[in-house]
Amino acid sequence: MYWQTHTANKELYGNLLPISERLRIRRLKFAGHCARSEEEAASIVLMWQPKHGKRTRGAPKKDYIKMLADDTGLTGPDIKNCMLDRAVWRAIMGVRLQEST
């Protein structure tokens, strides 16, 4: 392959998902797993949102709940309820996976 020959990413990677999409899917799977293990600290930390402190300049940083809300299209309380029901959570992930391909 010559360096001046341009090859499109679609041609290089074929049917592989982009890395951002793979990370999103892994993040959703991990969040569902952690939410269902209620005796673990990860379940509490998963839904934690900071409520105090001085906000810095610029756009506010995304916490994990806001990332999950963007990934699923659900709101905070709805996310927790859906994560606790494995069938519903997998259906949400399946729908989001089909939309991305």
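The structure presented is a predicted model; accordingly, all values stated were derived computationally and were not measured.

> Explain the packing of helix H2 (residues 19–36) against helix H4 (residues 64–72) to me, and be specific about the residues and the numbers.
Between H2 and H4, whose axes approach to 11 Å, the crossing angle comes to 115 degrees. Of the two elements, H2 crosses H4, and the hand of that crossing is left-handed. Here Arg24, Arg27, Leu28, Phe30 and Ala31 of H2 come into contact with H4, specifically with Tyr64, Met67, Leu68, Asp71 and Thr72.

> Can you break down the nonpolar core residue by residue, with the values?
Residues Leu28, Ala31, Leu46, Leu68, Ile79, Met83 and Trp89 are the most contacted members of the largest nonpolar core, which totals 13 residues. Elements supplying a minimum of two residues to this core: H2, H4, helix H5 (76–84) and helix H6 (86–100). Ranked by residues supplied to this core, first place goes to H2 with 4 residues. The contacts of Trp89, once residues within four sequence positions are left out, are Leu28, Gly32, Arg36, Thr72, Ile79, Cys82 and Met83.

> Could you give an account of the pattern of salt bridges, with specific residues and numbers?
Summed over all chains, the structure comprises 3 salt bridges. The salt bridge partner of Arg27 is Asp71, with a shortest N-O separation of 2.8 Å. With Arg27 in helix H2 and Asp71 in helix H4, this pair connects stretches of sequence that are 44 residues apart. The exposure class of Asp71 is buried, given its relative accessible area of 8%. Residue Lys62 pairs with Asp70 through a salt bridge whose shortest N-O separation is 2.4 Å. Asp70 gets classed as partly exposed once you look at its relative accessible area, which sits at 46%.

> How would you summarise H5 if you had to cite specific residues and measurements?
Taken as a whole, H5 has its buried residues at Ile79, Cys82 and Met83. The buried residues of H5 all sit within an arc of 100 degrees when viewed along its axis, so they share a single face. Every exposed residue of H5 that faces more than 90 degrees away from the buried side is listed here: Pro77 and Asn81.

> I'd love a proper account of a nonpolar patch on the surface, names of residues and values included.
A cluster of nonpolar residues, Leu12, Tyr13 and Leu16, forms a patch on the protein surface that exposes about 340 Å² of accessible area. By the element assignment, Tyr13 lies in helix H1 (residues 9–13). Residue class for Tyr13 comes out exposed when judged on its relative accessible area of 52%.

> Mind laying out the packing of H2 against H5, listing which residues take part and the relevant values?
The contact between H2 and H5 brings their axes to 8 Å, and the two run at 80 degrees. Classed by the angle they form, the pair H2 and H5 counts as roughly perpendicular. Facing Ala31, Gly32, Ala35 and Arg36 of H2, the residues of H5 in contact are Lys80, Met83 and Leu84.

Here is what the cut-offs are and how they apply
- Position labels on residues start from 1 in each chain and follow its written sequence.
- Confidence filtering applies because this is a predicted model: local features only for residues at pLDDT of at least 70, side-chain atom pairs given and counted only at 80 or more, and all residues used for totals across whole chains, interfaces and linings.
- By convention in this description, side-chain values take in all heavy atoms of the structure and omit both hydrogens and water.
- The axes used here are C-alpha line fits, helices contributing only the stretch in contact, and every angle between their N-to-C directions lies in the interval 0 to 180 degrees.
- Helix and strand definitions follow DSSP, with helices as H or I runs of at least four residues and strands as E runs of at least two, each counted in order from the N terminus.
- Note: crossing handedness is left-handed where the near helix turns anticlockwise from the far helix by less than a right angle, and right-handed where it turns clockwise.
- Two residues form a contact once any of their heavy atoms are found within 4.5 Å.
- Among buried residues, the Ala, Val, Leu, Ile, Met, Phe, Trp, Tyr and Cys ones that are joined through side-chain atoms within 4.5 Å form a nonpolar core.
- Only protein chains enter the accessibility calculation, which uses a 1.4 Å probe; a residue whose area is less than 20% of its type maximum is buried, one above 50% is exposed, and one in between is partly exposed.
- Only one rule defines a salt bridge in this text: a Lys or Arg side-chain nitrogen within 4 Å of an Asp or Glu carboxyl oxygen.
- The directions from the helix axis to the C-beta atoms form the arc being described.
- Without a salt bridge and with relative accessible area above 30%, a residue can belong to a patch; like charges are then joined within 9 Å and nonpolar side chains (Val, Leu, Ile, Met, Phe, Trp, Tyr) within 5 Å.
- Where accessible areas are quoted, they stem from the Shrake-Rupley method and a 1.4 Å probe; at the residue level, only the protein chains shown are allowed to cover.
- Convention used here: angles under 35 degrees read as roughly parallel, angles over 145 as roughly antiparallel, angles from 65 to 115 as roughly perpendicular, and any remaining angle as oblique.

Function-wise, these values are silent; they only describe arrangement.
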